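# Close look at the chain arrangement
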Amino acid sequence: MSDAAIEEVSVLSSIYCRDGEFQIVQQSAQDGLVVQLNCTGGRGGKLNVSAVFHLDPSYPSCPPHISISTTGLSKIQCHNIRQKLMTRAAELPPEPMLLQLVEYLQECVEQTEDQTEEQDGTGEEKNNQQEWTAVLLLDHIRSRNRYIGLLERWSQQLQLTCRLLLGRNPLIILLGERPNIKEFCHHLKTVKVDVDSSGKKCKERMMKVLAETPYSSLCQHSLQGFIVKDYKSLSELTAVFEELNLAELYQQMLPTLSVSSPMR
């Protein structure tokens with residue numbers, strides 16, 4: 001990580017110095033730096049905005065990966081804001097740019113808030129019929145054959161494309177209609193899919209939805225059927241998401257994944 005990048009992070013932490021406003025989520029020579037900014041935005045500062053910036057070791061030669069979440073705005077609106085920030089970052093010269101991106105983030109939140117209209121029933125139905133991509137974090141897989149068999153059967157019944165990633169953090173990548181994804185998650189929490197440490201059958205009540213976003217046509221040909229893949233390191237996991245053209249979704253879930261069960 002360059003001295004300029006480290007200095008920029010230091011400046012940002014001094015500006016957003018209130019409790020819980022700024023934190024370094026992850027830092028390593030191999031994977032770079034992940035920082036999270038929690039601030040207020042929108043008209044009158046009524047919205048809570050969370051921005052996560054993943055700075056590769058080569059930053060600022062390459063722009064940061066960005067994920068955005070905020071109260072009061074939908075996931076689609078947050079997705080659109082993140083797209084605008086990624087575009088702006090790619091347009092800026094290869095020099096420290098976090099402060100500029102944070103300022104632009106505030107502008108985007110205000111513009112989106114001004115354009116927000118209440119979604120009627122027809123709009124909600126259309127949203128449900130859209131295809132979505134979701135990433136689920138499982139607590140454990142002890143009875144591997146039974147567990148995988150159930151996941152494959154559910155994905156076929158619900159017409160979902162599924163990629164099961166087995167490693168320190170068992171992950172499921174799902175592609176399909178949003179109500180079917182929700183039904184898949186409901187199955188996990190209500191059906192005894194695995195066994196606990198004492199060998200008794202148990203449900204997957206600790207499952208978490210790490211990220212979800214409207215379907216991207218980029219992964220149409222790379223994420224198909226039901227596939228199981230083992231991974232041994234964070235770099236291998238990163239490579240899987242990049243291969244599926246889901247790098248942006250991966251950056252969105254990375255902070256939660258790192259906190260849940262950090263990998264070396």
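One can find the structure itself at the top, above this paragraph.
Every value quoted in this text rests on a predicted model; they were computed, and no experiment measured them. Counting from 1, residues in each chain are numbered in the order their sequence is written. Totals for whole chains, interfaces and linings use every residue, but because this is a predicted model, local features are given only for residues with pLDDT of at least 70 and side-chain atom pairs only at 80 or more, for both listing and counting. The side-chain quantities take in all heavy atoms of the structure and omit both hydrogens and water.

Below, the discussion takes up the nonpolar core. In these notes, a set of buried Ala, Val, Leu, Ile, Met, Phe, Trp, Tyr and Cys residues joined through side-chain atoms within 4.5 Å is what counts as a nonpolar core. Any residue under 20% of the maximum accessible area for its type is buried, any over 50% is exposed, and the rest in between are partly exposed; the area is computed with a 1.4 Å probe on protein chains only. Phe 53, Ile 81 and Leu 105 are the most contacted members of the largest nonpolar core, which has 31 residues in total. Only runs of H or I of at least four residues qualify as helices and only runs of E of at least two qualify as strands under DSSP, and these elements are numbered from the N terminus. Here the element with the most residues in this core is helix H3 (residues 98-115); it accounts for 7 residues. Other than its neighbours up to four places away in sequence, Ile 81 contacts Ile 68, Leu 73, Leu 105, Cys 108, Val 109 and Thr 112. Trp 132, Tyr 147, Cys 162 and Val 193 belong to the second-largest nonpolar core, a separate cluster that totals 23 residues. We call two residues contacting when some pair of their heavy atoms lies within 4.5 Å.

A separate point is the pairing of strand E8 (residues 192-195). Note that E8 and strand E9 (residues 201-203) share 3 bridges and pair antiparallel. The partner of Val 195 across the bridge, within E9, is Lys 201. Any two strands with at least two DSSP-identified bridges between them are counted as paired. Once E8 ends, the chain turns through 5 residues before running back antiparallel as E9, passing Gly 199 with a positive phi of about 90°.

Following the sequence through the fold, Arg 18 ends up in the loop between helix H1 (3-15) and strand E1 (22-28). Expressed as a C-alpha distance, the spacing of Arg 18 and Asn 38, which sit 20 residues apart in the sequence, is 9.7 Å.

As a further point, take the pattern of salt bridges. Here, a salt bridge means any side-chain nitrogen of Lys or Arg that lies within 4 Å of a carboxyl oxygen of Asp or Glu. On inspection of all chains with the given rule, the structure shows 3 salt bridges. For Lys 75, the salt bridge is made with Glu 212, and the minimal N-O distance between the two is 4.0 Å. In this pair, Lys 75 sits in helix H2 (residues 75-91) while Glu 212 sits in strand E10 (residues 208-214), placing the two residues 137 residues apart along the sequence. What makes Lys 75 partly exposed here is its relative accessible area of 44%. In this structure, the salt-bridge partner of Glu 212 is Arg 178, at a minimum N-O distance of 3.5 Å. Residue Glu 212 is found in strand E10, and its partner Arg 178 is found in helix H6 (residues 178-190); the two are separated by 34 residues along the sequence.

Right, let's talk about the environment of Tyr 231 for a bit. Mapping Tyr 231 onto the fold places it in the loop between strand E11 (226-230) and helix H7 (234-243). Sequence separation between Tyr 231 and Gly 167 is 64 residues; the distance between their C-alpha atoms is 5.2 Å. Of note is the side chain of Tyr 231, whose polar atom sits 2.5 Å from the backbone oxygen of Asn 169. The term polar contact refers here to a pair of N or O atoms within 3.5 Å; inside protein, the definition further demands a hydrogen-donor-capable atom paired with an acceptor-capable atom, and it admits residues adjacent in sequence only when both atoms are side-chain atoms.

The next thing to look at is a positive patch on the surface. Put simply, a patch holds well-exposed residues, over 30% relative accessible area, that have no salt bridge, with like charges counted together within 9 Å and Val, Leu, Ile, Met, Phe, Trp or Tyr side chains within 5 Å. The Shrake-Rupley method, run with a 1.4 Å probe, gives the accessible areas here. Residue values count only the displayed protein chains as cover. Only four residue types enter the tally: Lys and Arg on the positive side, Asp and Glu on the negative side, with His and both chain ends excluded. Where a charge lies is defined by one atom per residue type: Lys uses NZ, Arg uses CZ, Asp uses CG and Glu uses CD. A cluster of basic residues, Arg 146, Arg 153, Lys 192, Lys 201, Lys 203 and Arg 205, forms a positive patch at the surface. Those elements that place two or more of their residues in the positive patch are helix H5 (144-157) and E9. Along the chain, the position of Arg 146 falls in helix H5. Among the residues examined, Arg 146 registers a relative accessible area of 35% and is labelled partly exposed.

Attention shifts here to the sheet that holds strand E6 (residues 161-166). Pairing is mixed across the open sheet formed by 5 strands, whose spatial order is E10-E5-E7-E6-E11. Two strands bound the open sheet, and with one partner strand each, they are E10 and E11. Averaged over all pairs of adjacent strands, the angle between their axes in this sheet comes to 15°, without regard to strand direction. Here strand E5 (residues 131-137) runs beside strand E7 (residues 171-177); their pairing, made up of 7 bridges, is antiparallel. Paired with Leu 137 across the bridge in E7 is Leu 171. Helix axes are fitted only over the stretch in contact, all axes being lines through C-alpha atoms; the angle between N-to-C directions runs from 0 to 180 degrees. Most of the contacts of H5 go to E11, to which it runs at about 145°, and overall it touches E6, E7 and E11.

A few words now on the sheet that holds strand E2 (residues 32-41). Here 4 strands make up an open sheet; going across it, the order is E1-E2-E3-E4 and the pairing antiparallel. A single partner strand is all that each edge strand has here, and the edge strands are E1 and strand E4 (65-70). Here the strands of the sheet are splayed against their neighbours by 15° on average, with no regard to which way each runs. As judged from the 6 bridges shared by strand E3 (residues 47-55) and E4, these two strands associate in the antiparallel manner. Residue pairing for E4: Ser 50 is matched across the bridge by Ser 69. The strands touched by H1 are E1, E2 and E3; relative to E1, the strand with the most contacts, the crossing angle is about 155°. Those strands touched by H3 are E2, E3 and E4, and its axis lies near 145° from that of E3.

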